[in-house]
Number of protein chains: 2
Amino acid sequence: MKARVTVTLKSGVLDPQGKAIEGALKSLGVAGVAKVRQGKVFDIELEGSDRAAAERQLSDACEKLLANTIVEDYAVDYD
Amino acid sequence: MKARVTVTLKSGVLDPQGKAIEGALKSLGVAGVAKVRQGKVFDIELEGSDRAAAERQLSDACEKLLANTIVEDYAVDYD
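Nothing here was measured: the structure is a model prediction, and the numbers come from that model. (Residues numbered from 1 in each chain as written. Chains lettered and ligands numbered in written order. Predicted model: local features only at pLDDT ≥ 70, side-chain atom pairs only at ≥ 80, totals over all residues. Heavy atoms only, no water.)

1. Topic: the side chain of Thr6 of chain B
When you line up the elements, Thr6 of chain B lands in strand β1 (residues 2-9). The class for Thr6 of chain B is buried, based on a relative accessible area of 8%. The contact partners of Thr6 of chain B, leaving out residues within four places of it in the chain, are Arg4 and Val41 of chain A together with Lys40, Val41, Asp73, Tyr74 and Ala75 of chain B. (Helix = DSSP H or I, 4+ residues; strand = E, 2+ residues; numbered from the N terminus. Buried < 20%, exposed > 50% of the residue type's maximum accessible area, 1.4 Å probe, protein only. Contact = heavy atoms within 4.5 Å.)

Rendered as structure tokens:
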């Protein structure tokens, strides 16, 4: 079973890396970009086919390690 | 207009960061995780509403800056 966890900064949290990318795109001559925010993505393969158990394990993993829930949001999509 | 660019390592490319996360999850007692691969996500706001132009600008941005197409794949989703 496969899942994709996407971790993004909460709105309101400053994102200097996104700002830097915005600036770099402008210097490279890529027009039309108004705003960039950067996040992380984790492609995870889970053992077993029990979806409820997998969801529990994954939300556990997100809370403990993958996301800092003070400043970040996470979303989980299953294939 | 909003778009999300997801950049992931091509299969076959080693991902030591993903391996480290796998190990960390095991030490934290999160069971059932078979494999982790890490990638990046960029949430991008584009100016204007011309979708064709936006697609050109974004694929330009991906090729020039956001992804290293030798070792990474990218996917673009529009909201």
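2. A look at the pairing of β1 of chain B
Look at any regular strand and the pattern is simple: side chains alternate between the two faces of the sheet. Residues and elements named next belong to chain B. As paired elements, β1 and strand β2 (residues 33-46) share six bridges and run antiparallel to each other. Within β2, the residue paired with Arg4 across the bridge is Asp43. Note that β1 and strand β3 (residues 72-78) share seven bridges and pair antiparallel. Note on β3: the bridge partner recorded for Arg4 is Asp77. (Pairing = 2+ DSSP bridges.)

3. Here we look at the pattern of salt bridges
A full pass over the atoms with the stated rule returns twelve salt bridges over all chains. A salt bridge links Lys64 of chain A to Asp60 of chain A; the shortest N-O distance between them is 3.8 Å. Of this pair, Lys64 of chain A and Asp60 of chain A both sit in helix α2 (residues 51-66), four residues apart, which is roughly one turn of the helix. A relative accessible area of 42% means that Lys64 of chain A is categorised as partly exposed. In this structure, Lys10 of chain B and Asp73 of chain B form a salt bridge, with 3.2 Å as the shortest nitrogen-oxygen distance. (Salt bridge = Lys/Arg side-chain N within 4 Å of Asp/Glu carboxyl O.)

4. What about the packing of helix α1 (residues 16-27) of chain A against helix α2 (residues 51-66) of chain B?
Running from N to C, α1 of chain A and α2 of chain B cross one another at 105°; their axes reach a closest spacing of 11 Å. The orientation of α1 of chain A with respect to α2 of chain B, classified from their angle, is roughly perpendicular. Residues Ile21, Ala24 and Leu25 of chain A of α1 of chain A form the contact with α2 of chain B, whose participating residues are Ala61, Leu65 and Leu66 of chain B. Looking at the contact of α1 of chain A with α2 of chain B residue by residue, the classes come out as six nonpolar, no polar and no charged. (Axes fitted to C-alpha atoms, helices over the stretch in contact; angles between N-to-C directions. Parallel < 35°, antiparallel > 145°, perpendicular 65-115°, else oblique. Nonpolar A, V, L, I, M, F, W, Y, C, P; charged D, E, K, R; others polar.)

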